[in-house]
Amino acid sequence: TTIGNAGMLAAGVAQTMTGALLRVYSGIESEVRDLGITAALLVSAQARAMQLLRQTEPLDEMLINHATTALLIRPLDPGCERFVFTLLARHGSNLPVARTVLRDVALILGETAPRGG
């Protein structure tokens, strides 16, 4: 079931090192927690891959598409210690708008969100 008209299924903020869920914005908390842990593993794997490739540019955004959903991840800080993520229904959501909104949310949270443990 989608939440609202935007097709957003879940959203939250998580810590990269532990996958700890720092904030739930939408969705069932236990499911968002699992999604946050999964997203943290993806961010960590991406960082490791970039390190192996000797790429030094910071992560800007990750988008993982599946048949019916899309996972969008955006870091909150240059070291990617925390990130905001959302799971969208592929049908019923507007990906370009979601990317813009998530970018804006990440900018705001990156300036105001307290650092996790």
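From a predicted model like this one, the values you see are computed outputs, not experimental measurements.

**Quick look at unusual backbone geometry**
Then, number 1: With a phi angle near 60 degrees, Arg54 is a residue other than glycine that sits in the positive phi range.
Then, number 2: On the secondary structure map, Arg54 appears in the loop between helix H1 (29–52) and strand S3 (62–65).
Then, number 3: The backbone of Cys80 shows a phi angle near 55 degrees, a positive value even though the residue is not glycine.
Then, number 4: Here Cys80 lies in the loop between strand S4 (69–75) and strand S5 (82–89).

**Brief notes about the environment of Glu111**
Then, number 1: Along the chain, the position of Glu111 falls in helix H2 (residues 95–112).
Then, number 2: A residue is classified by how much of its surface remains accessible, and Glu111, at 70% relative accessible area, is exposed.
Then, number 3: Remark: the alpha-carbon pair of Glu111 and Leu76, spanning 35 residues in sequence, is separated by 8.2 Å.

**Some details on the pattern of salt bridges**
Then, number 1: Applying the stated criterion across every chain yields a total of six salt bridges.
Then, number 2: Notably, a salt bridge pairs Arg33 with Glu29, separated by 3.4 Å at the nearest N-O pair. Taken as a pair, Arg33 and Glu29 lie in helix H1 at a separation of four residues, close to a single helical turn.
Then, number 3: Notably, a salt bridge pairs Arg103 with Asp104, separated by 3.3 Å at the nearest N-O pair.
Then, number 4: The class for Arg103 is partly exposed, based on a relative accessible area of 36%.
Then, number 5: A residue is classified by how much of its surface remains accessible, and Asp104, at 34% relative accessible area, is partly exposed.
Then, number 6: Each of Asp60, Glu61, Arg74 and Arg99 takes part in one network of salt bridges that share partners.

**A look at the pairing of S5**
Remark: a regular strand shows side chains that alternate across the two faces of the sheet.
Then, number 1: Buried residues dominate S5, accounting for eight of its eight residues.
Then, number 2: Residues Arg82, Val84, Thr86 and Leu88 of S5 are buried on one face, and the alternating residues Phe83, Phe85, Leu87 and Ala89, pointing to the opposite face, are buried as well.
Then, number 3: Summarising the sheet, strand S1 (residues 8–15) and S5 pair through seven bridges and their orientation is antiparallel. Considered in S5, the bridge of Val13 is made with Val84.
Then, number 4: Note: S4 against S5, seven bridges, orientation antiparallel. From the neighbouring strand, Thr69 faces S5, where its bridge partner is Ala89.
Then, number 5: Where S4 folds back onto S5 in an antiparallel hairpin, the turn is made up of six residues, including Cys80, whose phi is positive at roughly 55 degrees.

How each quantity is defined
Residues numbered from 1 in each chain as written. Predicted model: local features only at pLDDT ≥ 70, side-chain atom pairs only at ≥ 80, totals over all residues. Heavy atoms only, no water. Helix = DSSP H or I, 4+ residues; strand = E, 2+ residues; numbered from the N terminus. Buried < 20%, exposed > 50% of the residue type's maximum accessible area, 1.4 Å probe, protein only. Salt bridge = Lys/Arg side-chain N within 4 Å of Asp/Glu carboxyl O. Pairing = 2+ DSSP bridges.

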